[in-house]
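Residue strings, one per chain:
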Amino acid sequence: MRILAVETSCDETAAAVVEDGARIVSSVVSTQVALHAPFGGVVPELASRHHLENICPVISKAMSDAGVSYADLDAVAVTRGPGLIGSLLVGVQAAKGIAFVHGKPLVPVHHIAGHIEAPFLAHGEVPLPALALVVSGGHTSLFEVPTRGEYRLRARTRDDAAGEAFDKVARLLGLGYPGGPVIDRLAQGANDRAVEFTVARIKDGSRDFSFSGIKTAVLYHVRREGIPPVADPSNVPAEVRDLVASFQRAVVTALVRRLKQAAEEMQPRSLLLTGGVAANSLLRREAALTAAALGLPLFVPPIALSTDNAAMIGAAGFVNFQKGLRAGLDLNAEPHLDLQ
Ligand code: KG4
Ligand code: ZN
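Q: Now, about a nonpolar patch on the surface: what can you tell me, with residues and values included?
A: On the surface, Phe100, Val101 and Leu329 cluster together into a nonpolar patch covering about 340 Å² of accessible area. Its place among the elements puts Val101 in helix α3 (residues 85-102). Looking at Val101, the relative accessible area reads 61%, which means it is exposed.

Q: If you had to explain the pattern of salt bridges to someone new, which residues and values would you point to?
A: Counted under the stated rule, the structure contains 17 salt bridges. For Lys215, the salt bridge identified is with Asp160, shortest N-O distance 2.8 Å. Pair noted here: Lys215 is in helix α7 (residues 212-225) and Asp160 is in the loop between β8 (152-156) and α5 (162-172), with a separation of 55 residues, a long-range link. Exposure remark for Asp160: the relative accessible area of 7% places this residue in the buried category. When the shortest N-O distance is used, the salt bridge between Glu196 and Arg249 registers 3.4 Å. Of this pair, Glu196 sits in the loop between α6 (179-187) and α7 while Arg249 sits in helix α8 (residues 238-266); the two residues are 53 residues apart in sequence, bridging distant segments of the chain. For Glu196, a relative accessible area of 58% translates into the label exposed. If you follow the salt bridges from partner to partner, you end up with Arg2, Glu19, Asp20 and Arg23 in one network.

Definitions and limits used
As a convention, each chain's residues are numbered from 1 in the sequence order in which they are written. Key to labels: chains lettered from A, ligands numbered from 1, both in the order written. A pLDDT threshold of at least 70 governs which residues receive local features in this predicted model, and a stricter bar of 80 or more applies before side-chain atom pairs are shown or counted, although totals over entire chains, interfaces and linings include all residues. Only hydrogens and water are removed before side-chain values are computed, so all heavy atoms of the structure are retained for them. For patch detection, residues must exceed 30% relative accessible area and be free of salt bridges, and they are connected within 9 Å for like charges or within 5 Å for nonpolar side chains (Val, Leu, Ile, Met, Phe, Trp, Tyr). Here the open area of atoms and residues is found with the Shrake-Rupley method and a 1.4 Å probe, where only the protein chains shown may cover a residue. Every case where a carboxyl oxygen of Asp or Glu lies within 4 Å of a side-chain nitrogen of Lys or Arg is listed as a salt bridge. Helical segments are the DSSP runs of H or I of at least four residues, strand segments are the runs of E of at least two, and each set is numbered from the N terminus. The cut-offs for exposure are 20% and 50% of the maximum accessible area for each residue type, with area from a 1.4 Å probe on protein chains only; residues under the lower value are buried, those over the upper are exposed, and the others partly exposed.

Set out below in structure tokens:
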């Protein structure tokens, strides 16, 4: 069962060929990070234009790297949402075109299902039910995965995603984009107790996340202390390094605390950590400690499968294909799409 998968929901143009939802035959990711960096975040209009320029070469490369022809495919899978409408449309139209011309089934995929399938793709068997923490630039959610391809939302962010908070704090301090990797690096060896930040708990007793408050707390701290934007990224003052380390510790503590609470309630047989922020070294360490304390295995995909890619869409596409999910040529991009 060979699937060509296409992903263009945000700022990566990606295509992959995946066999049986388990073997990555090829995976191509063309990132637009350099394009958006001067703006400190993704500019939707630029993103869609660049997807349009890159989609054909990226798909062609995925096909030639895999050494297969379109006739060898069994299906075409594509991210239909959620994401940026202009970006999603490029992938959806390209996938539709290929499916139509070559007479292949078209399989719609939810972007978050792709992130949740990434640990399965990377590690093979994962004991179920699993509890998945999906943490990226656009999403911060906890999902229960009772069986393969079944996802139950247990908590989500009420405002900013964790990765978005990293990006906004980095922008505020003049540290560049994307903020997560820079903050992760600058926090190494810095004093993460220098500033006491707390991440708000939702008052109605829900398990949801909220990260906009800590971003504002960082802003107030910067104003109060008169901290100027960093002029030389190769020489970041200790005060800024301690600040971002303290911010990172607060965000990671909130993520891991919720993960632990949810695991105690749900009693899963494994934990999954996925999405771009799963690359964070402190989060990886703390999630591993939490899993060990709970006596559960933790599955974290390698960074190339944690951040946006099409191989994970191929894995989720295989699961959907087996469930009998097909889309017609009237498939539309859905910028706001729930996964359940
Ligand atoms: O999954 P992803 O590639 O795209 C979305 O679906 O959003 O995630 C990108 C996000 C960005 O916000 C980026 O700052 C964050 O992941 N990120 C990190 C790290 N590496 C990437 N955040 C914290 N620490 C990192 N090492
Ligand atoms: Zn993503």
